[in-house]
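Examining the three-dimensional arrangement
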Amino acid sequence: MKTVRHELVVLGGGPAGYVAAIRAAQLGFDTACIDENAQFGGTCVRVGCIPSKALLESSHLYEEAKHRFKEHGLKIGSLDLDLAAMMDRKTKIVDTLTGGIDMLFKKQKVTPYHGRGKLRDLNSIVVQGEEPVVIEADRILLCPGSVPATLRGVEEDGDRIGNSTTALSFSEVPEHLVVIGGGYIGMELGSVWNRLGSQVTVLEAFDRIFPGIDSELASIALRTFKKQGFKFQLKTFVQSARVKGDKCVVEVKDGDPITCDRVLLATGRRPATDSIGLESIGLETDRHGFIPVNENFETSVENVFATGDCIGGAMLAHKAMEEAVVCVERMAGMQTHLNYDVIPAIVYTHPEIASVGKMEDELKEAGVAYNKGVCPFGANGRARTLGEPDGRVKILADAKTDRVLGVHIIGARAGDMIAEAAAAMEYGASSEDIARTCHAHPTLAEAMHEAALAVDKRAIHTA
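Summary of the structure given here. In this numbering scheme, every chain counts its residues from 1 along its sequence in written order. Reporting of local features is limited, given that this is a predicted model, to residues whose pLDDT is at least 70; pairs of side-chain atoms are given and counted only at 80 or more, and all residues count toward the totals for whole chains, interfaces and linings. Hydrogen atoms and water are omitted, and side-chain values are computed over all heavy atoms in the structure.

1. Re the packing of helix α1 (residues 15-26) against helix α8 (residues 317-331)
- In this description, a line fitted to the C-alpha atoms serves as the axis of each element, helices being fitted only across the stretch in contact, and the angle between N-to-C directions of two axes falls anywhere from 0 to 180 degrees. Per the convention used, a helix needs a DSSP run of H or I reaching at least four residues, while a strand needs a run of E reaching at least two, with both numbered from the N terminus. α8 packs onto α1 with a crossing angle of 30° between their chain directions and a minimal axis gap of 8 Å. Regarding α1 and α8, the two cross each other, and that crossing is right-handed. The segment α1 lies against α8, with P15, A16, Y18, V19, A20, R23 and A24 engaging A317, A320, M321, A324, V325, V328 and E329.
- Charged means Asp, Glu, Lys or Arg here, nonpolar means Ala, Val, Leu, Ile, Met, Phe, Trp, Tyr, Cys or Pro, and polar covers whatever is left, Gly included. For the contact of α1 with α8, the residue count by class is twelve nonpolar, no polar and two charged. Here a crossing is called left-handed whenever its near helix is offset anticlockwise from the far helix by less than a right angle, and right-handed whenever the offset is clockwise. Any two residues having at least one pair of non-hydrogen atoms within 4.5 Å are treated as being in contact.

2. Brief notes about the pairing of strand β4 (residues 116-121)
- At least two DSSP bridges between two strands are needed for those strands to be called paired. Sheet topology places β4 next to strand β5 (residues 124-128); five bridges connect them, and they run antiparallel. Its bridge partner lying in β5, L119 is registered against I125.
- From the end of β4 to the start of β5, which pair antiparallel, there are two residues.

3. Details of the side chain of S124
- Looking at the element boundaries, S124 is found in strand β5.
- Residue exposure (1.4 Å probe, protein chains only): buried if accessible area is under 20% of the type maximum, exposed if over 50%, otherwise partly exposed. In this structure S124 comes out as buried when scored by relative accessible area, which is 1%.
- The definition of a polar contact used here is a pair of N or O atoms within 3.5 Å, where within protein one atom must be able to donate a hydrogen and the other to accept one, and adjacent residues in sequence count solely through side-chain atom pairs. A distance of 2.7 Å separates the side chain of S124 from the side chain of D121, its partner in a polar contact.

4. Regarding the packing of aromatic side chains
- Stacked, tilted and edge-to-face are the three classes applied to pairs of Phe, Tyr and Trp rings, where Trp contributes its six-membered ring and a pair requires centres within 6.5 Å; stacked means planes under 30 degrees apart, edge-to-face means over 60, and tilted covers the rest. Tallied over the full model, the rule gives five aromatic pairs.
- Ring plane angle 65° and centroid distance 6.2 Å describe the contact between F210 and F225, whose orientation is recorded as edge-to-face. Here F210 is found in the loop between β10 (199-203) and α7 (215-227), whereas its partner F225 is found in helix α7, with 15 residues between them in sequence.
- Classification of F210 by relative accessible area gives buried; the value is 3%.
- Among the residues examined, F225 registers a relative accessible area of 0% and is labelled buried.
- Pairing F230 with F232 gives two aromatic rings, centres 5.9 Å apart and planes at 25°, and the pair type is stacked.

5. Observations regarding the sheet that holds strand β14 (residues 258-260)
- In spatial order, the strands read β12-β13-β14; together these three strands make up an open sheet with antiparallel pairing. Either end of the sheet is taken by a strand with one partner, and the two such strands are β12 (238-244) and β14. In this sheet, neighbouring strand axes are inclined to one another by 20° on average, regardless of whether the strands run parallel or antiparallel.
- Where β12 meets strand β13 (residues 247-252), six bridges bridge the pair, whose relative direction is antiparallel. What sits directly across from V243, in β13, is C248.

6. Some thoughts on empty space enclosed by the protein
- Buried and open spaces are told apart on a 1 Å grid over the protein atoms alone, a cavity being a set of points where a 1.4 Å probe fits but cannot get out and a pocket being an open set with protein on both sides within 12 Å along at least five of seven lines. Residues with an atom within 4 Å of a point are the lining residues. Grid points are joined across faces, edges and corners, and a volume is the space filled by probe spheres set on the points. Under the defined criterion, the tally for this structure stands at one cavity of 30 Å³ or more.
- One number sums up the size of the largest cavity: a volume of about 40 Å³.
- What lines the largest cavity is P148, A149, N163, S164, I185, L265, A266, T267, G268 and R269.
- The residue inventory of the lining of the largest cavity, partitioned by class, reads five nonpolar, four polar and one charged.

7. Section: the pattern of salt bridges
- Every case where a carboxyl oxygen of Asp or Glu lies within 4 Å of a side-chain nitrogen of Lys or Arg is listed as a salt bridge. Under the definition given, this model contains 24 salt bridges.
- In this structure, D261 engages K247 in a salt bridge whose closest nitrogen and oxygen atoms are separated by 2.8 Å. Taken together, the positions of D261 in the loop between β14 and β15 (262-265) and K247 in strand β13 put the pair 14 residues apart, joining distant regions of the chain.
- K247 sits in the partly exposed class, given a relative accessible area of 29%.
- Note that E432 is salt-bridged to R458, the shortest N-O span being 2.2 Å. Of this pair, E432 sits in helix α12 (residues 431-435) while R458 sits in the segment after α13 (446-455), and the two are 26 residues apart along the sequence.
- Since its relative accessible area comes to 25%, R458 is described here as partly exposed.

What follows is the structure, encoded as structure tokens:
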């Protein structure tokens, strides 16, 4: 087995890994990046964020053509679903983006390695691929990412009963799909198949969906999804799920069994740290499998760093990317930072849900005095022209300083709108700052402006 040497080797080619490798190369490090898959990009690009959004867009267009085109005076004949073509479009998008990473690696002179990487000692990693190799390095950055969480009693077969990866590639539209978990993964993929014709039943252990977002928005979302045809069973604990003949049977505590065609297990993700050789260097994880790091993303082992999903916190691709950049910049001696209080989160259902900063529930619990400004999408001209009057923007500002503490949006294109709020909060803006900023008309962003005005009870277009 041949041995090679680099200054920095990154284990994992997902959002944290490939971004870290590119930025490190830009800073002059001789950098290598290892990934066990044939394509770089990790879960996000290959079997997560990107393919799911491709299917969300395609299914949304199908839903629009089927039910809403007539509102615009557009009459079409019969509408047929070509699921294979939809899946092919998804695959082409993934291939284009993963190919783009390969191109960037080549341009920045990052050395790629494909194969299963495992720590051998403090300064080397063994890569088991087509051409096994030992990579020695001055520094090692661990970016193994995360994998779907399992649930005791749920017998996954990767076909009828599976996780988010399975649900991205169904060969036909299931007549009845049971989704275990009412978080963003379950609701996004549930939305895809609901639009394409499935009866979707969501089983959630909590008494609400989206446990991690603002409760007011979660309540609005629940009502909206029910109108879209979703069925919900809240406070429902799944005991088992198994394939029985050509059907699936889901057993729940204190309830009748549910028979369905497919089951999507979407109960979160866990760090992929259990088979990368941490024991060989004496690096221990916490009880959840996360790797503890300090403010510089250094582990307890000298010259071994970690970023992304494997260190805990919000399991978001953009959070992982920013951590990766800060990590390698600090390796290079740069003074840089990441503000964990301003990490936006988005649910790409329809309507979209986007949040940044503190939730209203958190402020109440902490006893923080705040003012609230709300603008309903129905008061926004652009939302009306888009046929999207349902939704709202909510701004929470400190009662004393007026500094924006949190912004929460439910409505069309909320994911794009939240960027203004994140930028404002990063620079310590007040609601007055947003209110005094001229917003173009007609745009959805005007709802942000109106909500900022409403904080001080001087909204123009809302009662």
